[in-house]
Every structure is written in structure tokens, then in C-alpha cells.
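Coordinate inspection notes
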Amino acid sequence: MNGTIRVGNLFGIPFYIHPSWFLVLGLVTWSYSSGLAAQFPLLSGGLAVLLGLMTALLLFASVVAHELGHSFVAIRQGIDVKSITLFIFGGLASLEKESKTPSEAFWVAIAGPLVSLLLFGSVTAIGFATAASGPLAAILGVLASVNLALALFNLIPGLPLDGGNILKAAVWKITGNPYKGVVFASRVGQIFGWVAVLSGIVPLLLFGSLGNFWNLLIGFFLLQNAGNTAQFARVQEKLTGLTAEDAVTVDSPVVCANLILREFADQRVMSAENWRRFLVTDDGGQLIGAIAVDNLRSIPTAMWSETQVREVMQPISQSTTVQSDQPLLEVVQLLEQQKLSALPVVRKNGSLVGILEKAAVIQLLQSRTQPNPA
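Presented here is a report on the structure given in the accompanying data block. Just so it is clear, the model here is predicted, and its values are computed rather than measured.

1. Remarks on the packing of helix α1 (residues 20–39) against helix α2 (residues 45–76)
It is the contact of α1 with α2, at a shortest axis distance of 7 Å, that shows an interaxial angle of 130°. Taken together, the axis directions place α1 and α2 in an arrangement best described as oblique. Seen from above, α1 lies across α2 with right-handed handedness. Judged by residue contacts, Trp 21, Val 24, Leu 25, Val 28, Thr 29, Tyr 32, Ser 33, Leu 36 and Ala 37 of α1 engage Ala 48, Val 49, Leu 51, Gly 52, Leu 53, Thr 55, Ala 56, Leu 57, Leu 59 and Phe 60 from α2. Considered class by class, the residues forming the contact of α1 with α2 number 15 nonpolar, four polar and no charged.

2. A closer look at the sheet that holds strand β6 (residues 277–281)
Here we have four strands laid out as an open sheet, ordered β5-β6-β7-β8, and mixed in their pairing. The sheet terminates laterally at β5 (254–256) and β8 (314–315), the two strands that pair on one side only.

3. Focus on the environment of Asp 325
With respect to the helices and strands, Asp 325 occurs in the loop between β9 (322–323) and α9 (328–337). Taking the relative accessible area as the measure of exposure, Asp 325 reaches 42% and is therefore partly exposed. Along the primary structure Asp 325 and Met 303 are separated by 22 residues, whereas in three dimensions their C-alpha atoms are 41 Å apart.

4. Let's talk about unusual backbone geometry
Each neighbour pair has its own omega, and for Leu 159 with Pro 160 the value is 10°, a cis peptide bond. Secondary-structure assignment places Pro 160 in the loop between α4 (134–154) and α5 (162–175). A positive phi angle, near 55°, is found at Phe 11, a position not held by glycine. Considering the arrangement of structural elements, one finds Phe 11 in the loop between β1 (5–10) and β2 (13–17). What makes Phe 11 exposed here is its relative accessible area of 64%.

5. Side note on helix α3 (residues 102–130)
Taking 1.5 Å of rise per residue, the 29 residues of α3 would be expected to cover 42 Å, and the 42 Å separating its terminal C-alpha atoms lies within 8% of that figure. Taking the largest bend as the criterion, α3 deviates by roughly 35°, centred on Ala 111, and proline Pro 113 comes between one and four positions later. Of all the residues in α3, the buried ones are Pro 102, Ala 105, Val 108, Ala 109, Ile 110, Ala 111, Gly 112, Pro 113, Ser 116 and Val 123. Of the surrounding elements, those touching the buried residues of α3 are α2, β4 (90–95), α4 and α5. Ala 131 sits one or two positions beyond α3 and adopts a positive phi of about 50°.

6. A few points about the pairing of β6
The buried fraction of β6 amounts to four of the five residues, a majority that puts the element mostly inside the structure. As defined by bridge partners, β5 adjoins β6 across three bridges and the pair is classed as parallel. Paired with Val 254 across the strands is Leu 279, a residue of β6. Two successive antiparallel strands, β6 and strand β7 (residues 287–292), enclose a turn made up of five residues, where Gly 285 displays a positive phi of approximately 85°.

Cut-off values and rules
- Residues numbered from 1 in each chain as written.
- Predicted model: local features only at pLDDT ≥ 70, side-chain atom pairs only at ≥ 80, totals over all residues.
- Heavy atoms only, no water.
- Axes fitted to C-alpha atoms, helices over the stretch in contact; angles between N-to-C directions.
- Helix = DSSP H or I, 4+ residues; strand = E, 2+ residues; numbered from the N terminus.
- Parallel < 35°, antiparallel > 145°, perpendicular 65-115°, else oblique.
- Left-handed = near helix turned anticlockwise from the far one by under 90°.
- Contact = heavy atoms within 4.5 Å.
- Nonpolar A, V, L, I, M, F, W, Y, C, P; charged D, E, K, R; others polar.
- Pairing = 2+ DSSP bridges.
- Buried < 20%, exposed > 50% of the residue type's maximum accessible area, 1.4 Å probe, protein only.
- Expected span 1.5 Å × (residues − 1).
- Bend = angle between axes of the 7 residues up to and from the residue.

What follows is the structure in C-alpha cells.
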């Protein structure tokens with residue numbers, strides 16, 4: 001997963017850490033240990049570092065709790081959580097799919113900030129109830145303030161932040177179109193991204209100050225992710241209402257199982273343009289296998305006239321096919337997840353419709369984007 005390291009499972013959810021997280025852990029540990037050492041001179045250097053590390057780990061545990069909030073609500077809605085990842089900007093819960101309704105999307109989005117606010121209130125209450133003092137009070141204060149900041153920052157109404165997902169749900173509710181919500185919230189996220197970039201770059205250019213350098217990084221993060229999310233939403237909207245059959249390649253590479261290899265080579269391989277793999281059907285049009293041009297090498301040329309395609313073909317599992325009425329958006333996601341370039345499309349009775357290629361989907365999107373001639 002893009003260089004991330006799997007460290008185990010959390011409540012059955014795969015848990016990953018991006019290598020950049022270790023750098024942040026070190027910086028946060030150094031920052032808080034230095035602060036504790038300066039605030040409490042009687043602390044030994046080793047103890048200050050240990051307390052700084054403990055504080056850093058508690059802060060990251062708060063980020064994980066925030067993401068678990070999203071995850072548990074999603075699971076209650078029947079949505080699988082593929083992973084939770086810690087990275088330089090915090091955490092990310094990767095969900096299998098979107099919520100079915102705007103209200104469900106709202107609760108998934110708000111769950112993380114609510115957990116952070118709950119942690120803020122709980123830590124603050126513990127501090128008052130125990131009348132904590134010294135380093136313990138300082139650690140509790142940091143933990144409370146960071147959870148409050150985590151909640152408020154994520155409530156900024158722009159994607160990819162939680163506030164952006166809340167805004168998306170609101171626009172979805174008003175318009176009835178989830179993709180309009182995504183595009184609108186992404187644009188707001190880009191606005192906040194540019195504000196963050198400017199707040200970081202203006203002091204740098206005018207005064208040579210790096211005090212807001214973190215704002216610059218966050219701004220670029222928001223711009224990149226909000227832009228990608230908006231682009232993907234536009235693609236999703238164009239694919240809405242289309243099925244796998246709509247993107248099947250015309251004149252798909254299909255041959256009959258009882259065709260002899262000599263005819264296959266002369267009639268199909270020599271005349272086909274760039275096709276190196278053909279789907280094989282029986283007399284009833286049922287998909288039963290596939291044959292690649294390279295498979296011909298396993299049979300001596302002299303035997304091509306007495307060998308049928310069915311004797312050379314490789315069987316195809318139904319798990320590697322898609323139904324003709326399956327939403328095209330689901331098929332595209334399947335192609336991406338399994339890193340495939342094409343999939344056979346069949347009807348419910350098993351008869352073959354043809355082959356669906358990524359290139360055909362791209363062409364279909366382009367044709368739907370082009371304006372109609374006057």
C-alpha cells in the first residue's frame with residue numbers, strides 16, 4: 001500500500017503506518033521532551049525524553065481513535081473498512097464504499113470529530129478530578145488541546161477533511177445528487193488549500209520566515225486531494241446509469257471452441273488487430289475459456305489442422321467475469337482494485353456478451369464529455 005508498513009489489526013481492521021510517521025513521531029517526541037525539560041528543570045534528560053515519547057504516542061493514539069470513530073459507524077452501516085493508516089498529516093480510514101444515504105454519510109463523517117471532542121472532554125475532566133500537577137498536568141493539557149484542535153481542524157468544511165464530507169452530505173441531501181456534493185465540497189477544500197498555501201508562502205517571501213511552513217504543507221495536501229476527489233466525482237457522475245454491457249468492445253475477440261487451430265490462426269489471429277488473447281465459447285454462446293496466441297506454440301504446426309481450440313484453451317472462472325447489467329462504476333473500481341486491463345462480460349445465463357477494456361471506458365467517458373453538434 002504505497003510503501004506503508006502493516007503493523008497488525010485493530011478490532012479486525014488492518015492497521016498500517018507510513019514511513020513518514022516515524023519522522024513525525026521523532027519530531028513530536030523531541031518537541032515535547034524539550035518543552036517538559038524547559039518547564040520542569042528538575043526532570044532528568046532521560047525522563048523528559050520518555051515522557052515526551054509517551055505524550056507523542058498518546059497523541060497518535062488519539063488520531064487512531066478518531067479514525068476508529070469513522071470506522072465503527074461505517075461498519076454498522078454494512079461498509080467494510082479496508083484499512084487504517086497513520087501518515088504525516090494524521091490518519092486515514094479507507095472505506096470499501098460510500099454510504100447509501102446522505103444522513104448515513106453525515107454520521108460516518110461526524111463520528112471522528114465527536115470522538116476527538118469526547119477525548120478532549122474526558123482528559124480535561126480527568127485533569128480537574130485528579131487535581132493533577134507538574135509534568136502529568138502538562139501532558140494532560142497537551143492531550144486535551146490537541147484533541148480539541150484535531151476535532152476543530154477536521155470540521156473545516158472542505159474535502160478531504162471530515163467537515164468536507166459533512167458539507168458533501170448536506171449538498172447531497174439538498175440536491176439529491178451525491179456527486180454534486182463531492183464536487184462542491186472539493187472546491188471549498190481547494191479554497192482552504194490556497195488560503196493555507198498563501199498563509200505559509202507570504203511570510204516566507206516577505207520576511208524569510210518559516211513559521212507557517214506547516215500551513216504550506218497542509219495547503220498542498222488539501223489542494224492535491226480535493227482536486228483528485230472532484231475529478232473522480234465527475235467521472236463517477238458520467239458513469240452513473242451505465243452498465244458493463246454499455247462499454248463492451250465492438251467485435252470483441254471471441255472464437256468458438258470447436259474451431260481448429262489452423263482456422264483460428266488464419267482467420268482470427270492474422271486478421272485481428274493487436275488481439276493476443278481470445279475468449280472461447282461453446283456452440284450455445286456460453287463462455288468456457290480463453291486462448292492466447294502464445295498457446296499455439298505448445299502445439300506443433302503440423303497438428304494445427306486436427307487440434308481444436310478447446311484442447312488448447314485455458315478455463316475461465318466465473319469469479320473473473322462481470323454481469324452485463326452490473327453498474328459500470330463498480331466494474332471500473334474492480335479493474336482498479338485487481339489491476340486488470342480487461343474483463344469478460346456475461347449475461348445471467350452465462351452467455352458471453354464480449355470483453356470490456358479500460359480503454360473502451362475511457363473512450364466512452366470522452367464521448368459523453370464532448371458537446372453534441374448543433
